[in-house]
Amino acid sequence: MAAGKKSPRAAGSPSSPAPGIGTPSLALGAFTLVISLFFLWGLANNLNDILIKQFKKAFELSDFQAGLVQSAFYLGYFIFAIPAGLCTQRFGYKRTLLIGLALYVAGALLFYPAAIAYTYGVFLFALFVIASGLAFLETSANPLVTVLGAPSGAARRLNLAQSFNPLGSITGVLIGQHFILSGVEMGSGQLAAMTASARHAYLASEAAAVAKPYLAIAAVIALWLLLVAATRFPSSALASEDRMSGGPARNLVRNRNFVLAVVAQFFYVGAQVGIWSYMIRYIQATIPGTPEKSAANYLSLSLIAFMLGRFVGTALMRRASPARLLAVCSLINILLVALAVVLPGVVGLAALVLSSFFMSLMFPTIFALGVHGLNDRERKLGSSFLVMAIIGGAILTAMMGALSDSFGIARAMSLPVVCFVVVMGFALHALHDTIRAA
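Note that this is a predicted model, so its numbers are computed, not measured.

Participant: I'd like a description of the overall build of the protein chain, backed by residues and values.
Facilitator: Tallying secondary structure elements over the protein chain gives 23 helices and 0 strands in all. For the protein chain, with 438 residues in total, the buried portion stands at 56%. By sequence separation, contacts in the protein chain at least 24 residues apart represent 85% of the contacts at least 6 residues apart. Per element, the accessible surface of the protein chain, about 16800 Å² overall, is 69% carbon and sulfur.

The structure is reproduced here in C-alpha coordinates:
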(Lines give C-alpha, C1' and ligand atoms only; values in the text may rest on other atoms or scores of the structure.)
Protein backbone atom coordinates (compact mmCIF):
# COMPACT_ATOMS: atom_id res chain seq x y z
CA MET A 1 0.00 0.00 0.00
CA ALA A 2 1.28 3.49 -0.79
CA ALA A 3 2.95 5.29 2.09
CA GLY A 4 0.78 7.64 4.08
CA LYS A 5 -2.53 6.04 3.01
CA LYS A 6 -4.86 4.40 5.49
CA SER A 7 -6.98 1.37 4.74
CA PRO A 8 -10.68 2.24 4.76
CA ARG A 9 -12.76 0.39 7.35
CA ALA A 10 -16.31 -0.80 7.38
CA ALA A 11 -18.54 1.52 9.35
CA GLY A 12 -18.45 0.71 13.02
CA SER A 13 -15.64 -1.90 12.78
CA PRO A 14 -13.28 -1.89 15.75
CA SER A 15 -9.63 -1.02 15.62
CA SER A 16 -7.34 -3.80 14.45
CA PRO A 17 -4.88 -5.06 17.05
CA ALA A 18 -2.61 -6.55 14.39
CA PRO A 19 -1.94 -5.15 10.92
CA GLY A 20 -3.92 -6.91 8.19
CA ILE A 21 -5.85 -9.25 10.47
CA GLY A 22 -8.39 -7.31 12.51
CA THR A 23 -10.03 -8.38 15.76
CA PRO A 24 -9.96 -12.14 16.50
CA SER A 25 -13.76 -12.37 16.29
CA LEU A 26 -13.85 -10.73 12.85
CA ALA A 27 -10.97 -12.88 11.59
CA LEU A 28 -12.69 -16.05 12.85
CA GLY A 29 -16.03 -15.00 11.33
CA ALA A 30 -14.40 -14.25 7.98
CA PHE A 31 -12.45 -17.52 8.07
CA THR A 32 -15.64 -19.49 8.76
CA LEU A 33 -17.50 -17.82 5.91
CA VAL A 34 -14.61 -18.28 3.49
CA ILE A 35 -14.54 -22.01 4.32
CA SER A 36 -18.11 -22.24 3.05
CA LEU A 37 -16.99 -20.80 -0.29
CA PHE A 38 -14.53 -23.67 -0.69
CA PHE A 39 -17.57 -25.97 -0.46
CA LEU A 40 -19.45 -24.02 -3.13
CA TRP A 41 -16.75 -24.06 -5.78
CA GLY A 42 -16.03 -27.75 -5.05
CA LEU A 43 -19.66 -28.43 -5.94
CA ALA A 44 -19.30 -26.71 -9.33
CA ASN A 45 -15.95 -28.32 -10.13
CA ASN A 46 -17.06 -31.91 -9.67
CA LEU A 47 -20.47 -31.57 -11.26
CA ASN A 48 -18.36 -31.28 -14.42
CA ASP A 49 -17.33 -34.93 -14.04
CA ILE A 50 -20.99 -35.89 -14.32
CA LEU A 51 -21.61 -33.42 -17.15
CA ILE A 52 -18.86 -35.03 -19.24
CA LYS A 53 -20.69 -38.35 -19.09
CA GLN A 54 -24.10 -36.75 -19.60
CA PHE A 55 -23.12 -34.55 -22.54
CA LYS A 56 -21.22 -37.41 -24.19
CA LYS A 57 -24.52 -39.29 -24.21
CA ALA A 58 -26.87 -36.37 -24.97
CA PHE A 59 -24.82 -34.93 -27.84
CA GLU A 60 -23.14 -38.19 -29.01
CA LEU A 61 -19.62 -36.88 -28.46
CA SER A 62 -16.16 -38.42 -28.65
CA ASP A 63 -14.01 -38.49 -25.49
CA PHE A 64 -12.10 -35.47 -26.81
CA GLN A 65 -15.29 -33.49 -27.49
CA ALA A 66 -16.72 -34.38 -24.08
CA GLY A 67 -13.46 -33.24 -22.48
CA LEU A 68 -14.17 -29.73 -23.80
CA VAL A 69 -16.43 -29.36 -20.74
CA GLN A 70 -13.27 -29.00 -18.67
CA SER A 71 -11.55 -26.93 -21.36
CA ALA A 72 -14.33 -24.32 -21.37
CA PHE A 73 -14.49 -24.36 -17.58
CA TYR A 74 -10.80 -23.92 -16.88
CA LEU A 75 -10.40 -21.41 -19.70
CA GLY A 76 -12.64 -19.16 -17.61
CA TYR A 77 -10.20 -19.53 -14.71
CA PHE A 78 -7.26 -18.74 -16.98
CA ILE A 79 -8.73 -15.62 -18.60
CA PHE A 80 -10.15 -14.08 -15.44
CA ALA A 81 -7.42 -14.91 -12.92
CA ILE A 82 -5.40 -11.76 -13.63
CA PRO A 83 -8.47 -9.46 -13.66
CA ALA A 84 -9.46 -11.08 -10.37
CA GLY A 85 -6.03 -10.37 -8.93
CA LEU A 86 -6.22 -6.75 -10.06
CA CYS A 87 -9.69 -6.51 -8.53
CA THR A 88 -8.40 -7.92 -5.24
CA GLN A 89 -5.54 -5.43 -5.26
CA ARG A 90 -7.79 -2.49 -6.04
CA PHE A 91 -10.99 -3.27 -4.13
CA GLY A 92 -9.99 -5.80 -1.49
CA TYR A 93 -10.90 -9.42 -0.82
CA LYS A 94 -14.56 -9.00 0.11
CA ARG A 95 -15.68 -7.10 -2.98
CA THR A 96 -13.83 -9.60 -5.15
CA LEU A 97 -15.73 -12.42 -3.46
CA LEU A 98 -19.02 -10.67 -4.22
CA ILE A 99 -18.15 -10.30 -7.92
CA GLY A 100 -17.24 -13.97 -8.07
CA LEU A 101 -20.53 -15.06 -6.50
CA ALA A 102 -22.52 -12.85 -8.90
CA LEU A 103 -20.83 -14.44 -11.92
CA TYR A 104 -21.41 -17.89 -10.44
CA VAL A 105 -25.15 -17.15 -10.24
CA ALA A 106 -25.24 -15.81 -13.81
CA GLY A 107 -23.50 -18.89 -15.21
CA ALA A 108 -25.79 -21.30 -13.39
CA LEU A 109 -28.87 -19.46 -14.69
CA LEU A 110 -27.59 -19.80 -18.26
CA PHE A 111 -28.12 -23.58 -18.07
CA TYR A 112 -31.84 -23.02 -18.56
CA PRO A 113 -31.65 -21.32 -22.00
CA ALA A 114 -28.89 -23.80 -22.95
CA ALA A 115 -31.26 -26.69 -22.23
CA ILE A 116 -34.09 -25.06 -24.21
CA ALA A 117 -31.77 -24.47 -27.18
CA TYR A 118 -30.30 -28.01 -26.92
CA THR A 119 -26.92 -26.58 -27.94
CA TYR A 120 -23.65 -27.90 -26.57
CA GLY A 121 -21.89 -24.59 -27.21
CA VAL A 122 -24.32 -22.68 -24.99
CA PHE A 123 -23.69 -25.15 -22.15
CA LEU A 124 -19.95 -24.63 -22.60
CA PHE A 125 -20.44 -20.86 -22.43
CA ALA A 126 -22.47 -21.22 -19.21
CA LEU A 127 -19.63 -23.26 -17.70
CA PHE A 128 -17.16 -20.59 -18.83
CA VAL A 129 -19.18 -17.91 -16.98
CA ILE A 130 -19.35 -20.03 -13.81
CA ALA A 131 -15.59 -20.59 -13.94
CA SER A 132 -14.95 -16.87 -14.40
CA GLY A 133 -16.78 -16.35 -11.12
CA LEU A 134 -14.81 -19.10 -9.44
CA ALA A 135 -11.59 -17.43 -10.62
CA PHE A 136 -12.58 -14.36 -8.59
CA LEU A 137 -13.52 -16.54 -5.60
CA GLU A 138 -10.34 -18.62 -5.57
CA THR A 139 -7.99 -15.75 -6.35
CA SER A 140 -9.28 -13.89 -3.31
CA ALA A 141 -10.19 -16.70 -0.89
CA ASN A 142 -6.92 -18.67 -1.02
CA PRO A 143 -4.58 -15.78 -0.10
CA LEU A 144 -7.15 -14.42 2.37
CA VAL A 145 -6.95 -17.69 4.31
CA THR A 146 -3.14 -17.50 4.41
CA VAL A 147 -3.20 -14.02 6.03
CA LEU A 148 -5.95 -14.68 8.59
CA GLY A 149 -3.45 -15.85 11.18
CA ALA A 150 0.26 -16.39 11.79
CA PRO A 151 2.41 -16.87 8.63
CA SER A 152 3.91 -20.08 10.06
CA GLY A 153 0.48 -21.75 9.98
CA ALA A 154 -0.50 -20.62 6.46
CA ALA A 155 -0.12 -24.03 4.79
CA ARG A 156 -1.95 -25.83 7.60
CA ARG A 157 -4.71 -23.20 7.63
CA LEU A 158 -5.17 -23.41 3.87
CA ASN A 159 -5.26 -27.21 4.01
CA LEU A 160 -7.96 -26.97 6.69
CA ALA A 161 -10.04 -24.60 4.56
CA GLN A 162 -9.51 -26.78 1.50
CA SER A 163 -10.72 -29.78 3.54
CA PHE A 164 -14.24 -28.47 3.09
CA ASN A 165 -13.82 -28.32 -0.69
CA PRO A 166 -14.33 -32.11 -1.08
CA LEU A 167 -17.62 -31.87 0.82
CA GLY A 168 -18.86 -29.68 -2.02
CA SER A 169 -17.29 -32.04 -4.54
CA ILE A 170 -19.11 -35.03 -3.06
CA THR A 171 -22.36 -33.06 -3.00
CA GLY A 172 -21.88 -32.13 -6.65
CA VAL A 173 -21.37 -35.76 -7.70
CA LEU A 174 -24.40 -36.89 -5.67
CA ILE A 175 -26.56 -34.16 -7.27
CA GLY A 176 -25.38 -35.25 -10.69
CA GLN A 177 -25.78 -38.94 -9.94
CA HIS A 178 -29.34 -38.67 -8.66
CA PHE A 179 -30.76 -35.66 -10.51
CA ILE A 180 -28.89 -35.62 -13.84
CA LEU A 181 -27.88 -39.16 -14.79
CA SER A 182 -31.04 -40.98 -15.89
CA GLY A 183 -29.56 -44.49 -15.92
CA VAL A 184 -30.97 -44.96 -19.43
CA GLU A 185 -28.06 -45.90 -21.69
CA MET A 186 -28.80 -46.79 -25.31
CA GLY A 187 -26.26 -48.32 -27.63
CA SER A 188 -25.64 -47.13 -31.18
CA GLY A 189 -27.84 -49.93 -32.50
CA GLN A 190 -30.78 -48.94 -30.33
CA LEU A 191 -30.44 -45.30 -31.34
CA ALA A 192 -30.25 -46.21 -35.01
CA ALA A 193 -33.50 -48.18 -34.70
CA MET A 194 -35.40 -45.16 -33.35
CA THR A 195 -37.28 -42.69 -35.52
CA ALA A 196 -35.62 -39.31 -35.99
CA SER A 197 -38.16 -37.54 -33.78
CA ALA A 198 -37.94 -40.14 -31.00
CA ARG A 199 -34.16 -40.05 -31.07
CA HIS A 200 -34.11 -36.25 -30.89
CA ALA A 201 -36.62 -36.26 -28.02
CA TYR A 202 -34.52 -38.78 -26.06
CA LEU A 203 -31.25 -36.90 -26.56
CA ALA A 204 -32.82 -33.50 -25.84
CA SER A 205 -34.36 -34.81 -22.61
CA GLU A 206 -30.95 -36.04 -21.49
CA ALA A 207 -29.48 -32.57 -22.12
CA ALA A 208 -32.42 -30.85 -20.40
CA ALA A 209 -31.89 -32.91 -17.23
CA VAL A 210 -29.07 -30.58 -16.15
CA ALA A 211 -31.21 -27.41 -16.07
CA LYS A 212 -33.18 -27.84 -12.82
CA PRO A 213 -30.17 -28.72 -10.62
CA TYR A 214 -28.30 -25.66 -11.86
CA LEU A 215 -31.28 -23.39 -11.26
CA ALA A 216 -31.39 -24.65 -7.67
CA ILE A 217 -27.65 -24.01 -7.35
CA ALA A 218 -28.16 -20.46 -8.66
CA ALA A 219 -30.72 -19.81 -5.91
CA VAL A 220 -28.36 -21.07 -3.19
CA ILE A 221 -25.42 -19.02 -4.47
CA ALA A 222 -27.62 -15.90 -4.64
CA LEU A 223 -28.50 -16.34 -0.96
CA TRP A 224 -24.81 -16.78 -0.13
CA LEU A 225 -23.98 -13.59 -2.01
CA LEU A 226 -26.37 -11.71 0.26
CA LEU A 227 -24.82 -13.35 3.33
CA VAL A 228 -21.28 -12.33 2.34
CA ALA A 229 -22.49 -8.79 1.59
CA ALA A 230 -24.08 -8.52 5.06
CA THR A 231 -21.09 -9.97 6.97
CA ARG A 232 -18.38 -7.71 8.43
CA PHE A 233 -14.84 -8.64 7.39
CA PRO A 234 -11.48 -7.60 8.90
CA SER A 235 -10.04 -4.37 7.53
CA SER A 236 -7.56 -6.31 5.38
CA ALA A 237 -10.47 -7.88 3.45
CA LEU A 238 -12.03 -4.47 2.75
CA ALA A 239 -8.97 -2.38 1.95
CA SER A 240 -8.34 -1.00 -1.51
CA GLU A 241 -4.87 -0.23 -2.74
CA ASP A 242 -3.15 1.54 -5.59
CA ARG A 243 -3.13 -0.33 -8.86
CA MET A 244 -0.29 -2.77 -9.30
CA SER A 245 2.92 -1.52 -10.70
CA GLY A 246 5.31 -3.70 -12.66
CA GLY A 247 7.42 -4.31 -9.56
CA PRO A 248 5.52 -7.28 -8.08
CA ALA A 249 5.33 -9.01 -11.48
CA ARG A 250 9.06 -8.63 -12.07
CA ASN A 251 9.82 -9.96 -8.62
CA LEU A 252 7.58 -13.00 -9.13
CA VAL A 253 9.12 -13.88 -12.49
CA ARG A 254 12.58 -13.79 -10.87
CA ASN A 255 11.41 -15.92 -7.92
CA ARG A 256 12.40 -19.47 -8.87
CA ASN A 257 10.32 -21.09 -6.12
CA PHE A 258 7.19 -19.25 -7.23
CA VAL A 259 7.67 -20.06 -10.93
CA LEU A 260 8.15 -23.75 -10.15
CA ALA A 261 5.02 -23.67 -7.98
CA VAL A 262 3.00 -22.33 -10.93
CA VAL A 263 4.35 -25.12 -13.16
CA ALA A 264 3.59 -27.74 -10.50
CA GLN A 265 0.07 -26.39 -10.03
CA PHE A 266 -0.57 -26.60 -13.79
CA PHE A 267 0.36 -30.28 -13.89
CA TYR A 268 -1.30 -31.17 -10.59
CA VAL A 269 -4.68 -29.73 -11.63
CA GLY A 270 -4.36 -31.49 -14.99
CA ALA A 271 -3.82 -34.81 -13.21
CA GLN A 272 -6.67 -34.34 -10.72
CA VAL A 273 -9.21 -33.15 -13.27
CA GLY A 274 -8.19 -35.77 -15.81
CA ILE A 275 -8.49 -38.69 -13.40
CA TRP A 276 -11.88 -37.62 -12.06
CA SER A 277 -13.28 -36.55 -15.44
CA TYR A 278 -12.60 -39.92 -17.03
CA MET A 279 -13.11 -42.18 -14.02
CA ILE A 280 -16.64 -43.21 -15.08
CA ARG A 281 -15.30 -43.76 -18.61
CA TYR A 282 -12.39 -45.84 -17.22
CA ILE A 283 -14.74 -48.01 -15.17
CA GLN A 284 -17.18 -48.70 -18.00
CA ALA A 285 -14.33 -49.42 -20.45
CA THR A 286 -12.26 -51.70 -18.19
CA ILE A 287 -15.13 -53.34 -16.26
CA PRO A 288 -17.73 -53.88 -19.02
CA GLY A 289 -21.38 -53.88 -18.03
CA THR A 290 -21.04 -51.38 -15.17
CA PRO A 291 -24.06 -49.00 -15.20
CA GLU A 292 -23.29 -45.28 -15.22
CA LYS A 293 -24.93 -44.71 -11.83
CA SER A 294 -22.90 -47.52 -10.25
CA ALA A 295 -19.72 -46.13 -11.82
CA ALA A 296 -20.53 -42.71 -10.32
CA ASN A 297 -20.44 -44.33 -6.86
CA TYR A 298 -16.69 -44.86 -7.28
CA LEU A 299 -16.25 -41.20 -8.13
CA SER A 300 -18.06 -40.35 -4.88
CA LEU A 301 -15.79 -42.80 -3.05
CA SER A 302 -12.76 -41.06 -4.55
CA LEU A 303 -13.99 -37.72 -3.26
CA ILE A 304 -14.56 -39.16 0.20
CA ALA A 305 -10.96 -40.42 0.15
CA PHE A 306 -9.90 -36.95 -1.02
CA MET A 307 -11.76 -35.30 1.86
CA LEU A 308 -10.27 -37.67 4.45
CA GLY A 309 -6.83 -37.01 3.01
CA ARG A 310 -7.28 -33.28 3.52
CA PHE A 311 -8.01 -33.68 7.23
CA VAL A 312 -5.20 -36.22 7.70
CA GLY A 313 -2.78 -33.99 5.80
CA THR A 314 -3.70 -30.98 7.93
CA ALA A 315 -3.00 -33.00 11.08
CA LEU A 316 0.31 -34.37 9.76
CA MET A 317 1.58 -30.88 9.00
CA ARG A 318 1.94 -30.32 12.72
CA ARG A 319 4.67 -32.97 12.70
CA ALA A 320 6.14 -32.97 9.18
CA SER A 321 7.04 -30.19 6.77
CA PRO A 322 4.55 -29.49 3.95
CA ALA A 323 7.25 -29.99 1.31
CA ARG A 324 8.17 -33.44 2.66
CA LEU A 325 4.54 -34.55 2.72
CA LEU A 326 4.06 -33.26 -0.83
CA ALA A 327 7.06 -35.26 -2.04
CA VAL A 328 5.88 -38.49 -0.40
CA CYS A 329 2.31 -38.15 -1.70
CA SER A 330 3.56 -37.41 -5.22
CA LEU A 331 5.72 -40.54 -5.26
CA ILE A 332 2.85 -42.71 -4.02
CA ASN A 333 0.54 -41.36 -6.72
CA ILE A 334 3.10 -42.00 -9.44
CA LEU A 335 3.03 -45.67 -8.43
CA LEU A 336 -0.76 -45.86 -7.99
CA VAL A 337 -1.71 -44.29 -11.33
CA ALA A 338 0.96 -46.33 -13.11
CA LEU A 339 -0.77 -49.39 -11.65
CA ALA A 340 -4.06 -48.21 -13.20
CA VAL A 341 -2.29 -48.08 -16.58
CA VAL A 342 -0.74 -51.56 -16.49
CA LEU A 343 -3.56 -53.36 -14.62
CA PRO A 344 -6.84 -51.92 -15.96
CA GLY A 345 -9.96 -53.24 -14.28
CA VAL A 346 -10.71 -53.76 -10.60
CA VAL A 347 -7.08 -53.34 -9.48
CA GLY A 348 -6.59 -50.21 -11.57
CA LEU A 349 -9.87 -48.76 -10.31
CA ALA A 350 -8.86 -49.34 -6.69
CA ALA A 351 -5.54 -47.59 -7.38
CA LEU A 352 -7.28 -44.57 -8.92
CA VAL A 353 -9.70 -44.27 -6.00
CA LEU A 354 -6.82 -44.47 -3.52
CA SER A 355 -4.82 -41.87 -5.47
CA SER A 356 -7.43 -39.27 -4.51
CA PHE A 357 -6.42 -39.62 -0.85
CA PHE A 358 -2.84 -38.65 -1.70
CA MET A 359 -3.88 -35.89 -4.15
CA SER A 360 -5.78 -34.13 -1.39
CA LEU A 361 -3.05 -31.96 0.09
CA MET A 362 -1.36 -31.08 -3.21
CA PHE A 363 -3.25 -27.97 -4.37
CA PRO A 364 -3.23 -26.04 -1.08
CA THR A 365 0.33 -27.11 -0.27
CA ILE A 366 1.68 -26.06 -3.66
CA PHE A 367 -0.23 -22.78 -3.29
CA ALA A 368 1.07 -22.06 0.22
CA LEU A 369 4.67 -23.02 -0.67
CA GLY A 370 4.45 -20.87 -3.80
CA VAL A 371 3.39 -17.68 -1.98
CA HIS A 372 5.67 -18.27 1.01
CA GLY A 373 7.91 -15.27 1.66
CA LEU A 374 6.01 -12.93 -0.68
CA ASN A 375 4.86 -9.52 0.48
CA ASP A 376 1.18 -8.53 0.32
CA ARG A 377 1.29 -7.04 -3.19
CA GLU A 378 3.26 -9.98 -4.57
CA ARG A 379 0.94 -12.46 -2.83
CA LYS A 380 -2.18 -10.98 -4.44
CA LEU A 381 -0.67 -10.99 -7.93
CA GLY A 382 0.99 -14.35 -7.31
CA SER A 383 -2.35 -15.83 -6.36
CA SER A 384 -3.64 -14.86 -9.80
CA PHE A 385 -0.85 -16.76 -11.52
CA LEU A 386 -1.41 -19.80 -9.33
CA VAL A 387 -5.12 -19.74 -10.19
CA MET A 388 -4.25 -19.26 -13.89
CA ALA A 389 -2.27 -22.48 -13.62
CA ILE A 390 -5.61 -24.26 -13.27
CA ILE A 391 -5.68 -24.06 -17.09
CA GLY A 392 -3.88 -27.40 -16.80
CA GLY A 393 -7.31 -28.88 -16.19
CA ALA A 394 -8.42 -27.64 -19.63
CA ILE A 395 -5.36 -28.53 -21.66
CA LEU A 396 -4.35 -31.84 -20.12
CA THR A 397 -7.91 -33.19 -19.82
CA ALA A 398 -8.46 -32.55 -23.53
CA MET A 399 -5.12 -34.26 -24.23
CA MET A 400 -6.27 -37.26 -22.17
CA GLY A 401 -9.46 -37.40 -24.23
CA ALA A 402 -7.44 -37.43 -27.45
CA LEU A 403 -5.16 -40.16 -26.07
CA SER A 404 -8.21 -42.17 -25.01
CA ASP A 405 -9.77 -41.92 -28.48
CA SER A 406 -6.51 -43.19 -30.01
CA PHE A 407 -5.10 -45.66 -27.48
CA GLY A 408 -7.83 -46.37 -24.91
CA ILE A 409 -8.65 -44.78 -21.57
CA ALA A 410 -6.28 -47.00 -19.54
CA ARG A 411 -3.23 -45.88 -21.51
CA ALA A 412 -4.44 -42.28 -21.35
CA MET A 413 -3.89 -42.46 -17.58
CA SER A 414 -0.14 -42.32 -18.37
CA LEU A 415 -0.48 -38.55 -18.64
CA PRO A 416 -1.35 -38.06 -14.92
CA VAL A 417 1.70 -40.19 -14.08
CA VAL A 418 3.89 -37.61 -15.85
CA CYS A 419 2.03 -34.82 -14.03
CA PHE A 420 2.81 -36.30 -10.60
CA VAL A 421 6.48 -36.59 -11.57
CA VAL A 422 6.52 -32.82 -12.14
CA VAL A 423 4.81 -32.21 -8.79
CA MET A 424 7.39 -34.37 -7.03
CA GLY A 425 10.15 -32.34 -8.68
CA PHE A 426 8.75 -29.13 -7.19
CA ALA A 427 8.31 -30.80 -3.79
CA LEU A 428 11.96 -31.88 -3.74
CA HIS A 429 13.04 -28.36 -4.71
CA ALA A 430 10.93 -26.84 -1.91
CA LEU A 431 12.21 -29.43 0.56
CA HIS A 432 15.81 -28.60 -0.37
CA ASP A 433 15.11 -24.90 0.22
CA THR A 434 13.49 -25.69 3.59
CA ILE A 435 16.48 -27.75 4.72
CA ARG A 436 18.93 -25.10 3.53
CA ALA A 437 17.01 -22.33 5.32
CA ALA A 438 17.07 -24.33 8.56
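Participant: Tell me about the nonpolar core, and please be specific about residues and values.
Facilitator: Judged by nonpolar contacts, the single largest core of 138 residues is most densely connected at Tyr 104 and Tyr 268. The dominant element in this core, judged by the number of residues it contributes, is helix α1 (residues 24-58), at 17 residues. Beyond its immediate sequence surroundings of up to four residues, Tyr 104 is in contact with Leu 40, Leu 43, Ala 44, Ile 130, Gly 133, Leu 134, Leu 137, Ile 217 and Ile 221.

Participant: Lay out the environment of Gly 100 with the relevant residues and their values.
Facilitator: Examined against the element boundaries, Gly 100 turns out to sit in helix α4 (residues 93-109). For the pair formed by Gly 100 and Thr 139, sequence separation is 39 residues and the distance between their alpha carbons is 9.6 Å. The contact partners of Gly 100, leaving out residues within four places of it in the chain, are Gly 133, Phe 136 and Leu 137.

Participant: Explain the confidence of the model for the protein chain to me, and be specific about the residues and the numbers.
Facilitator: On average, residues of the protein chain score 86 in pLDDT, and 89% of them reach the 70 mark or higher. Note that residues 1-22 has pLDDT below 50 and, in this model, 39 contacts with residues that lie over four places away or in other chains. pLDDT under 50 marks residues 241-246. Its contacts with residues more than four places away, or in other chains, come to 20 contacts.

Participant: Any details on empty space enclosed by the protein? Residues and values, ideally.
Facilitator: Counted according to the given criterion, the structure contains 2 cavities of 30 Å³ or more. Within this model, the largest cavity holds a volume of roughly 230 Å³. In this structure, the largest cavity is lined by 18 residues; those nearest its centre are Asn 45, Tyr 74, Glu 138, Asn 165 and Gln 272. Contributions of two or more residues to the lining of the largest cavity are made by α1, α3 (68-91), α8 (165-179), α14 (256-277) and α16 (292-316). Split into classes, the residues belonging to the lining of the largest cavity amount to 8 nonpolar, 7 polar and 3 charged.

Participant: Go over unusual backbone geometry with me, naming the residues and quoting the values.
Facilitator: Of note, Glu 60 is a non-glycine position whose phi angle comes to about 55 degrees, a positive value. Even without glycine at this site, Tyr 118 takes up a positive phi of about 50 degrees. Here Tyr 118 shows up in the loop between α5 (111-117) and α6 (120-147).

Participant: Outline the packing of α6 against helix α7 (residues 154-162), listing residues and values.
Facilitator: For any two helices packed against each other, the geometry is given by the interaxial angle and the distance between the axes. As a packed pair, α6 and α7 sit with axes 8 Å apart at the nearest point and diverge in direction by 130 degrees. Looking at the two axes, α6 sits oblique to α7. Where α6 crosses over α7, the handedness of that crossing is right-handed. Across from Asn 142, Val 145, Thr 146 and Val 147 in α6, the residues of α7 making contact are Ala 154, Arg 157, Leu 158, Ala 161 and Gln 162.

Participant: I'd like a description of the pattern of salt bridges, backed by residues and values.
Facilitator: Taken as a whole, this structure holds 6 salt bridges when the rule is applied. Lys 57 serves as the salt-bridge partner of Glu 206, at 3.2 Å between the closest nitrogen and oxygen. Taken together, the positions of Glu 206 in helix α10 (residues 196-208) and Lys 57 in helix α1 put the pair 149 residues apart, joining distant regions of the chain. There is no split in this pair, since Glu 206 and Lys 57 are both buried. Asp 63 is the partner of Arg 281 in a salt bridge, and the nearest nitrogen-oxygen pair spans 2.9 Å. With Arg 281 in helix α15 (residues 279-286) and Asp 63 in helix α2 (residues 63-66), the pair connects residues that are 218 residues apart, well separated along the chain. Relative accessible area serves as the criterion here: at 31%, Arg 281 is assigned to the partly exposed category. Among the charged side chains, a salt-bridge network with shared partners connects Lys 56, Asp 63 and Arg 281.

Participant: Talk me through the environment of Thr 195; I want residue IDs and the actual numbers.
Facilitator: As for its placement among the helices and strands, Thr 195 is situated in the loop between α9 (188-193) and α10. A distance of 3.2 Å separates a polar atom in the side chain of Thr 195 from the backbone nitrogen of Ala 198.

Participant: Would you mind going over the side chain of Ser 71 in detail, with residue names and values included?
Facilitator: Secondary-structure assignment places Ser 71 in helix α3. If near-sequence neighbours (up to four positions away) are discounted, Ser 71 is found in contact with Ala 394 and Ala 398.

Participant: For the packing of aromatic side chains, give the residues involved together with the corresponding values.
Facilitator: The geometry of two aromatic rings is summed up by the distance between their centres and the angle between their planes. Considering all chains together, one arrives at 21 aromatic pairs under this definition. When the centroid spacing of 4.9 Å and the interplanar angle of 80 degrees are considered together, the rings of Trp 276 and Phe 306 count as edge-to-face. A residue pair is termed long-range when its members are at least 10 positions apart, and Trp 276 in helix α14 and Phe 306 in helix α16 qualify at 30 residues. According to the relative accessible area criterion, Phe 306 is buried, its value standing at 1%. Ring pairing ties together the aromatic residues Phe 55, Phe 59, Phe 111, Tyr 118, Tyr 120, Phe 123 and Tyr 214, which thus form one cluster.

Cut-offs used in this document
Residues numbered from 1 in each chain as written. Predicted model: local features only at pLDDT ≥ 70, side-chain atom pairs only at ≥ 80, totals over all residues. Heavy atoms only, no water. Helix = DSSP H or I, 4+ residues; strand = E, 2+ residues; numbered from the N terminus. Buried < 20%, exposed > 50% of the residue type's maximum accessible area, 1.4 Å probe, protein only. Contact = heavy atoms within 4.5 Å. Areas by Shrake-Rupley, 256 points an atom, 1.4 Å probe, with all protein chains shown as cover. Core = buried A, V, L, I, M, F, W, Y, C linked by side-chain atoms within 4.5 Å. pLDDT = per-residue confidence, 0-100. 1 Å grid on protein atoms, 1.4 Å probe; cavity = no way out; pocket = protein on both sides within 12 Å on 5 of 7 lines; lining within 4 Å. Points joined across faces, edges and corners; volume = space filled by probe spheres on them. Nonpolar A, V, L, I, M, F, W, Y, C, P; charged D, E, K, R; others polar. Axes fitted to C-alpha atoms, helices over the stretch in contact; angles between N-to-C directions. Parallel < 35°, antiparallel > 145°, perpendicular 65-115°, else oblique. Left-handed = near helix turned anticlockwise from the far one by under 90°. Salt bridge = Lys/Arg side-chain N within 4 Å of Asp/Glu carboxyl O. Polar contact = N/O pair within 3.5 Å; in protein donor to acceptor, adjacent residues only side chain to side chain. Phe/Tyr/Trp six-rings, centres within 6.5 Å; stacked < 30°, edge-to-face > 60°.

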